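Read off the chains here:
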Amino acid sequence: MLAELARQVDDGRIYDRDLLDLSDALGAVLGAYRRRSFVRSGSVEDQRQSRARSLARRGSIT
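These figures come from a predicted structure and were not determined experimentally. Numbering of residues starts from 1 in every chain and runs along the sequence as written. Reporting of local features is limited, given that this is a predicted model, to residues whose pLDDT is at least 70; pairs of side-chain atoms are given and counted only at 80 or more, and all residues count toward the totals for whole chains, interfaces and linings. The side-chain quantities take in all heavy atoms of the structure and omit both hydrogens and water.

(A) Broad picture of the pattern of salt bridges. Criterion for a salt bridge: a side-chain nitrogen of Lys or Arg within 4 Å of a carboxyl oxygen of Asp or Glu. This model, assessed by the stated rule, comprises 3 salt bridges. Of the charged contacts in the structure, one is a salt bridge between R13 and E4, with a shortest N-O distance of 3.7 Å. For R13, a relative accessible area of 46% translates into the label partly exposed. Burial classification: accessible surface area is computed with a 1.4 Å probe over protein chains only, and a residue below 20% of its type maximum counts as buried, one above 50% as exposed, and the rest as partly exposed. Looking at E4, the relative accessible area reads 30%, which means it is partly exposed. Measuring nitrogen to oxygen at the nearest pair gives 3.0 Å for the salt bridge that ties R13 to D11. Three or more residues joined by partner-sharing salt bridges are found here, namely E4, R7, D11 and R13.

And the structure:
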């Protein structure tokens, strides 16, 4: 969903007048994400690094 939203913002399909409200909403989502214990424990970063190593081994990182 967020990737599609990013495409819409890039393409100008989101009105400029709505960007401040969008920023506030994204801030609320990020705040909720950061409050998750899984994120605070560092598990997300561990998974991110593991995924990067896996992609590097397969040659998928450019």
